[in-house]
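Observations on the three-dimensional arrangement
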Amino acid sequence: MSIGEFLDMGGHGFYIWSSYGIALILVLIETFLVGRRRSKAKKELEQMEAEFGRADNQGMNG
Amino acid sequence: MSATRRIPWMKYASASSFYPLANRLAPLFMGLAIVLAVVGLYMGFFVAPVDYQQGNSYRIMFLHVPAAWMSMFIYLLLAMYAIISLVWRVKMADIMAYSLAPTGAMFTFVALVTGALWGRPTWGTYWVWDARLTSELLLLFLYLGYMGLYSAIPDRQRASRAASFLAIVGVVNVPIIYFSVVWWNTLHQGASITFSGGTSMTSVMFTSLLLMTFACWAYTIAVVLRRAQAVILERKKVALWASQISKK
């Protein structure tokens, strides 16, 4: 089976690859957004704690 | 003596013990998700044979079915956390419910889109207003409604209560989705895997499907743990800010 045949999927290539493509893109976007949200919150909290001169952030340094 | 001290397991419902645990588990489950998906897709595309009825289009199943299952499982989980949060006021339960919603909505959307893309070559149409498809679309609106309600109400406790209530009421939709193919005469095919009758699939197809389902679970655990961590930090920030304001 050639790569072209594989991608064509017996004429169903468009439906199959769109399905998997859309899901992959959404999963990557979600992972990126969640990671960014977490690191942003972490940075802001650390800044705030430095400003207020207290650190009750035990166990949350990861 | 406080309830937190009396019941040791309550300790694990607190943010400060959850956070470091999530730090260890999230990368583990993300790695697991990638490995499971790679093996599952390899089997699904290179080992599983062409379907004699549907040709290759059935390979969308390895994504569509796990996504649809996740959309329902996650909703049930969300509703369970919503009950715990409403009745016992466990903060971590509210954070978990809130953190599950976007991922549940994502899987619902994937189930709908891949269903449409599978429906076109199989049924000749992307969409039809039958019971299975319509109730799944309603599930998407329930997720969006929960998220929208939560963010629309400025007071967090009130927001949490209203959204939790909506989530709990919406649970009736889950059995409707699941049994819709039995209760109504739908275009959607019936379940290939049933609790009682086993499976009507070849074992390779079934294994790929199972691996993809576990991959989706592992991904969900990883991404929801991370989101819950972000929410904990955000709420800690608000609490810290509030305590500083009250000092002045």
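Looking at the packing of helix α2 (residues 15-47) of chain B against helix α8 (residues 203-247) of chain B
Residue and element names in this part refer to chain B. Look at α2 against α8: their axes get within 7 Å of each other, and the N-to-C directions meet at 155 degrees. Taken together, α2 and α8 sit at an angle that is classed as roughly antiparallel. In this structure, α2 crosses over α8, and the sense of that crossing is left-handed.

Side note on the layout of surface pockets
Residue and element names in this part refer to chain B. By volume, the largest pocket amounts to about 850 Å³. As for the largest pocket, its lining consists of 36 residues, of which Val65, Ala68, Trp69, Met72 and Arg132 are closest to the centre. Those elements giving two or more residues to the lining of the largest pocket turn out to be α3 (61-88), α4 (91-123), α5 (131-152), α7 (173-183), β1 (193-194) and α8. Classifying every residue of the lining of the largest pocket by side-chain character gives 24 nonpolar, 10 polar and 2 charged.

Some details on the confidence of the model for chain B
Atomic detail in the predicted coordinates should be set aside for any region of low pLDDT. Looking at chain B as a whole, its pLDDT mean stands at 91, while 92% of the residues score no less than 70. With pLDDT under 50 throughout, residues 1-11 of chain B is counted as low confidence; its partners more than four residues away or in other chains account for 5 contacts.

So, α5(B)
Residues and elements named next belong to chain B. For α5, which comprises 22 residues, the first-to-last C-alpha distance of 30 Å matches the rise-based estimate of 32 Å (1.5 Å per residue) to within 8%. Of the residues making up α5, those classed as buried are Arg132, Leu133, Ser135, Glu136, Leu137, Leu139, Leu140, Leu142, Tyr143, Tyr146 and Tyr150. The secondary structure elements touched by the buried residues of α5 are α3, α4, α6 (156-170), α7 and α8. The N-capping residue of α5, defined by a side-chain oxygen 3.2 Å from the backbone nitrogen of arginine 132, is aspartate 130.

Parameters at a glance
Residues numbered from 1 in each chain as written. Chains lettered and ligands numbered in written order. Predicted model: local features only at pLDDT ≥ 70, side-chain atom pairs only at ≥ 80, totals over all residues. Heavy atoms only, no water. Axes fitted to C-alpha atoms, helices over the stretch in contact; angles between N-to-C directions. Helix = DSSP H or I, 4+ residues; strand = E, 2+ residues; numbered from the N terminus. Parallel < 35°, antiparallel > 145°, perpendicular 65-115°, else oblique. Left-handed = near helix turned anticlockwise from the far one by under 90°. 1 Å grid on protein atoms, 1.4 Å probe; cavity = no way out; pocket = protein on both sides within 12 Å on 5 of 7 lines; lining within 4 Å. Points joined across faces, edges and corners; volume = space filled by probe spheres on them. Nonpolar A, V, L, I, M, F, W, Y, C, P; charged D, E, K, R; others polar. pLDDT = per-residue confidence, 0-100. Contact = heavy atoms within 4.5 Å. Expected span 1.5 Å × (residues − 1). Buried < 20%, exposed > 50% of the residue type's maximum accessible area, 1.4 Å probe, protein only. Polar contact = N/O pair within 3.5 Å; in protein donor to acceptor, adjacent residues only side chain to side chain.

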